[in-house]
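Analysis of the macromolecular model
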Amino acid sequence: QAGLTQPPSVSKDLGQTATLTCTGDSDNVGNQGAAWLQKHQGHPPKLLSYRNDKRPSGISERFSASRSGNTASLTITGLQPEDEADYYCSAWDRGLNVEVFGGGTKLTVL
Amino acid sequence: EVQLLESGGGLVQPGGSLRLSCAASGFPFSNYALTWVRLAPGRGLEWLSAISGTGNTAYYEASVKGRFTISRDNSNNTLYLQLDSLTVDDTATYFCAKYNSQAPRHGMDLWGQGTTVTVSS
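**What to know about the overall build of chain B**
If you tally the helices and strands in chain B, you get zero helices and eleven strands. Along its sequence from the N terminus, chain B presents helices and strands in the succession β-β-β-β-β-β-β-β-β-β-β. For chain B, the C-alpha radius of gyration of 13 Å lies close to 14 Å, the compact-globule estimate for 121 residues. In terms of its C-alpha atoms, chain B occupies a principal-axis envelope of roughly 40 × 30 × 25 Å. The burial tally for chain B puts 50% of its 121 residues in the buried class. Look at the contacts in chain B between residues 6 or more apart in sequence, and 55% of them connect residues 24 or more apart. Element-wise, carbon and sulfur atoms account for 45% of the exposed surface of chain B, whose accessible area totals about 5,100 Å². Where the 8 positive side-chain charges of chain B centre and where its 9 negative ones centre are 6 Å apart.

Written out as C-alpha cells, the structure is:
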C-alpha cells in the first residue's frame, strides 16, 4: 500500500548525521505536507514532525524535517543508539482522500 | 492523562468478524479526527481508515472499503473499527491514532499501544 517512496535502509556511525528521504507527488507531499514517525519494535509509532517542518513538544532538536517540492526529508544529527528504529513518512493525498505512508526506512546506528 | 487504549483484538477464523474499540481520554475528543493504522508482521505501517471529529465523514483505504467500518461515539469518547470478512492477510497489530485537527490532516500525534488481530483456522 506504500504510496510514498523511502529507502529501505540507512546506516550511519554513532554521532554522525542521517538524512532520510520521502518522495511523493503534488497531491500528497507536495500539497498537504509530510509527517514523520519513529517506530521502535514493540512500541507504538511516535510523531517526530508534521506539516513538513513542525516539531511536536518534547521531540529533540536533533530531529529536523523539511520539504523541497515533492520530497520530504528528516535529518537526525548526533546519532545515538536509541535512534536506531524504523522511520515512516506519511501525507494526506487530496486526490485519493486517503493517508499514504512510505514503506519505512530502517535506520542502523553503527 | 492523554491516552488512547485499544481493545477487542483476538483470534478469529477466516471469514469472521471483530469489533475493535479505542477509548480516549485527556483531550476534547470531538475536536479531532481519528484513524486506524495496522502493522502486519514483516510489513510497514498501513493506513486503513479515518473519521472526522464530528463523525460525519469517513475515509477508507481501497483494500478495506466495504469490509471495514469506522465509527465513533463522541458522547463516550470511543472510536470503533468493525472488521468483517477477515482473511489471513488481515493479521496485524491495529493501532488507533489521533490527528492534529478536525479533519484527517497534518500527522498523527497520539497513538494507542495497539491490539493484535490474528486470523487463522
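After that view, the rundown keeps rolling.
**Topic: the side chain of Arg67(B)**
Residues and elements named next belong to chain B. One can find arginine 67 in the loop between strand S6 (58–60) and strand S7 (68–73). In this structure arginine 67 comes out as buried when scored by relative accessible area, which is 18%. With residues up to four places along the chain from it excluded, the contact list for arginine 67 reads Gln82, Leu83, Asp84, Ser85, Leu86, Thr87 and Asp90.

**Quick look at the interface of chain B and chain A**
On the side of chain A, 17 residues touch chain B, which itself brings 22 residues to the contact. At the boundary of chain B with chain A, total buried surface from both sides reaches about 1,800 Å², with 67% on carbon and sulfur atoms. Summed over the three residues of chain B that lose the most area to chain A, namely Leu45(B), Trp47(B) and His106(B), the buried surface amounts to 33% of that side. Viewed at the interface, chain A and chain B are joined by zero salt bridges. On the surface where chain B and chain A come into contact, there are one residue pair in polar contact (both at pLDDT 80 or more). Of all the elements in the fold, those that place two or more residues in the side of chain B that touches chain A are strand S4 (34–39), strand S5 (45–51), S6, strand S9 (92–99) and strand S10 (108–111) of chain B. Class assignment of the residues belonging to the side of chain B that touches chain A gives a composition of eleven nonpolar, six polar and five charged.

**Regarding the layout of surface pockets**
Taken as a whole, the largest pocket holds about 290 Å³ of empty space. Residue lining of the largest pocket: 17 residues in total, with Pro44(A), Pro45(A), Lys46(A), Leu110(B) and Trp111(B) positioned closest to the centre. Looking at the lining of the largest pocket, the elements that each hand over two or more residues are strand S4 (46–49) of chain A together with strand S1 (3–7) and S10 of chain B. Residues of the lining of the largest pocket, tallied by class, amount to nine nonpolar, six polar and two charged. Space inside the second largest pocket adds up to approximately 230 Å³. Contributing to the lining of the second largest pocket are 13 residues, with Lys39(A), His40(A), Gln41(A), Asp86(A) and Lys106(A) lying nearest its centre. Of all the elements, strand S7 (residues 85–93) of chain A adds the most residues to the lining of the second largest pocket, at three residues. Within the lining of the second largest pocket, the residues separate by chemical class into five nonpolar, three polar and five charged.

**Some remarks on empty space enclosed by the protein**
Residues and elements named next belong to chain A. If you walk through the whole model with that rule in mind, you get one cavity of 30 Å³ or more. If you add up the space inside the largest cavity, you get close to 50 Å³. The greatest single-element share of the lining of the largest cavity, amounting to three residues, is contributed by S7. Of the residues contributing to the lining of the largest cavity, the split by class is five nonpolar, five polar and three charged.

**Structural notes on the sheet that holds S7(B)**
The pairing of strands in a sheet comes from backbone hydrogen bonds and takes either a parallel or an antiparallel form. Residues and elements named next belong to chain B. The four strands lie next to each other as S1-S3-S8-S7, forming an open sheet whose pairing is antiparallel. Only two strands of the sheet have a single partner each, and these edge strands are S1 and S7. Each neighbouring strand pair of the sheet contributes to a mean axis angle of 15 degrees, computed without reference to strand direction. Sheet analysis places S7 next to strand S8 (residues 78–83), joined by six bridges and oriented antiparallel.

Rules and cut-offs
Residues numbered from 1 in each chain as written. Chains lettered and ligands numbered in written order. Predicted model: local features only at pLDDT ≥ 70, side-chain atom pairs only at ≥ 80, totals over all residues. Heavy atoms only, no water. Helix = DSSP H or I, 4+ residues; strand = E, 2+ residues; numbered from the N terminus. Rg over C-alpha atoms; globule rule 2.2 N^0.38 Å. Buried < 20%, exposed > 50% of the residue type's maximum accessible area, 1.4 Å probe, protein only. Contact = heavy atoms within 4.5 Å. Areas by Shrake-Rupley, 256 points an atom, 1.4 Å probe, with all protein chains shown as cover. Lys, Arg positive; Asp, Glu negative; His and termini not counted. Charge placed at Lys NZ, Arg CZ, Asp CG, Glu CD. Buried area = accessible area lost by both parts, 1.4 Å probe. Salt bridge = Lys/Arg side-chain N within 4 Å of Asp/Glu carboxyl O. Polar contact = N/O pair within 3.5 Å; in protein donor to acceptor, adjacent residues only side chain to side chain. Nonpolar A, V, L, I, M, F, W, Y, C, P; charged D, E, K, R; others polar. 1 Å grid on protein atoms, 1.4 Å probe; cavity = no way out; pocket = protein on both sides within 12 Å on 5 of 7 lines; lining within 4 Å. Points joined across faces, edges and corners; volume = space filled by probe spheres on them. Pairing = 2+ DSSP bridges. Axes fitted to C-alpha atoms, helices over the stretch in contact; angles between N-to-C directions.

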